[in-house]
Amino acid sequence: MSEKRYLNKRHEILFIYDVSMANPNGDPMDENKPRYDEETGRIFVTDVRIKRTIRDTLKEMGKEVFVIEERNEKGTLKTKEEKVKSAGGREGVLERYIDIRLFGGTFALKGEEGKAWSVMGPVQFSYGKSLHRVKIIPVKGTTVMPSGEDKAQGTMWERYIVAYALIGVYGIANQMVAKDTYMTEEDFEDMLKALWMGHLGGSVLLSTSKLGHMPRLLIDIVHTEGSLHRIGNLDRYLKLTTDKNDEEIRGPNDYVLNLEELVRRIEKFKDKIEKVRYAVDDELRIEPDIKSALSNLQVEEISFEEDPKERF
C-alpha cells in the first residue's frame with residue numbers, strides 16, 4: 001500500500017449510543033446480566049463488544065474480517081492457522097484483513113504457521129459507561145417446547161435487561177502505529193461508518209438482547225499533522241440535565257446532553273486541532289450547539305446512510 005494513504009493524523013473519537021429494554025453487554029460469568037458497577041449504579045460495556053459490532057458490520061459492508069466465524073469447504077470453522085496460511089503470512093494478513101489493520105491481533109499458531117507474532121492496533125476503545133445510573137430489570141418466562149425427550153413441558157427462563165442507558169465510548173486512532181499495520185484513511189472512515197451503522201441494528205444486533213440500540217452522537221477530533229497530543233477520555237466531560245431520577249430515564253425526551261465542559265476542553269487545545277467532525281441523531285437534544293460553540297475551529301457535519309436498503 002502507498003504510504004500516502006496511511007492514516008497520518010491522530011484522531012480522538014467520542015461515540016454516544018443508547019439502549020432501551022435490552023442487554024448491551026451481558027456477563028457470561030454472572031448469568032449474562034448487564035455489566036454493572038454497584039458503587040455507581042452505572043453499567044459498562046467492554047471494548048471487545050464495541051469491536052465485535054464494528055467487525056460484524058464491516059463484514060456486511062463487504063470487507064474481509066479476520067476475527068469472525070467462517071467455515072471451510074468441509075463445513076467446519078476455519079482456524080487461525082488456515083486464515084494466516086491462505087493470506088500468505090503476516091504481510092498478507094495485514095493487506096487482506098481490515099480488522100487486523102484497525103485493532104491488531106495476537107497470533108500464537110500451530111503447525112507450519114507456528115511462529116508466534118503480534119500486531120499492535122492503532123485504533124483502541126475504552127470501556128463504554130452509562131452517563132447515568134441505570135435500572136436493571138429481571139424478566140422471566142417459559143418456553144413452549146420441551147428441552148428433551150423426557151420433558152413433558154417447556155422450561156422456565158430468566159434474563160436481565162436495562163430499562164434505558166445512554167452510553168459513552170472513547171476511542172483513539174494512533175497515526176504512528178497505523179503505518180505499522182498499513183491502516184489507511186479509508187480504513188478509518190469505514191470503521192466510523194461501521195461504528196455508527198452497526199448500532200442501528202441491521203443483522204448485526206438483531207438478537208432479542210441487542211434490539212433497542214441507537215447511535216446518538218459521534219465526534220471525531222482530528223489533530224494537526226505531526227501532533228502527538230490527546231485530550232483523553234472525552235466521555236468524562238459529558239453531563240445529563242434532567243428533572244427525573246436517573247433510573248426513571250427512558251429516552252432522549254427525558255434529558256438534555258450537556259456538552260459545555262467538553263467544548264471547553266476542546267477549545268483549550270484548539271491550536272493542536274485541525275478540525276472537529278460530528279454526526280448527531282435528530283432525537284438527541286444537546287446543549288450547546290456544536291457548530292456555534294466551536295466557532296473558533298473548523299467544524300464539519302458528517303452523515304451516514306440510514307436507509308437499510310441503501311446502507312452499504
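The structure reproduced in this document is the subject of the present report. Only a predicted model underlies this, so the values are computations on that prediction, with no experimental measurement involved. (Residues numbered from 1 in each chain as written. Predicted model: local features only at pLDDT ≥ 70, side-chain atom pairs only at ≥ 80, totals over all residues. Heavy atoms only, no water.)

Quick look at empty space enclosed by the protein
Taken as a whole and assessed by the stated rule, the structure comprises two cavities of 30 Å³ or more. If you add up the space inside the second largest cavity, you get close to 30 Å³. The element contributing the most residues to the lining of the second largest cavity is helix H7 (residues 260–268), with three residues. Counted by class, the lining of the second largest cavity contains seven nonpolar, no polar and no charged residues. (1 Å grid on protein atoms, 1.4 Å probe; cavity = no way out; pocket = protein on both sides within 12 Å on 5 of 7 lines; lining within 4 Å. Points joined across faces, edges and corners; volume = space filled by probe spheres on them. Helix = DSSP H or I, 4+ residues; strand = E, 2+ residues; numbered from the N terminus. Nonpolar A, V, L, I, M, F, W, Y, C, P; charged D, E, K, R; others polar.)

Quick word on the pairing of strand S11 (residues 156–173)
The element S11 is extensively covered by neighbouring structure, given that 14 of its 18 residues are classed as buried. Here 11 bridges tie strand S1 (residues 11–22) to S11, and the two strands are oriented antiparallel to one another. Residue Glu-12 lies in a different strand from S11, and its bridge partner there is Ile-172. The pairing of strand S8 (residues 123–125) with S11 spans three bridges and is classified as antiparallel. Paired with Phe-125 across the strands is Gly-171, a residue of S11. Sheet topology note: the strand S9 (residues 128–130)/S11 ladder contains two bridges and is antiparallel. Note that in S11 the partner of Lys-129 across the bridge is Gly-168. Pairing geometry for strand S10 (residues 136–142) and S11, over seven bridges, is antiparallel. In the sheet register, Pro-138 faces S11, and the bridge partner there is Tyr-160. (Buried < 20%, exposed > 50% of the residue type's maximum accessible area, 1.4 Å probe, protein only. Pairing = 2+ DSSP bridges.)

So, a negative patch on the surface
Negative charge collects at one region of the surface, where Asp-30, Asp-37, Glu-38 and Glu-39 lie side by side. Within the fold, Glu-38 resides in the loop between strand S4 (36–37) and strand S5 (42–45). Judged by its relative accessible area of 70%, Glu-38 falls in the exposed class. (Patch = residues over 30% accessible without salt bridge, like charges linked within 9 Å, V, L, I, M, F, W, Y side chains within 5 Å. Areas by Shrake-Rupley, 256 points an atom, 1.4 Å probe, with all protein chains shown as cover. Salt bridge = Lys/Arg side-chain N within 4 Å of Asp/Glu carboxyl O. Lys, Arg positive; Asp, Glu negative; His and termini not counted. Charge placed at Lys NZ, Arg CZ, Asp CG, Glu CD.)

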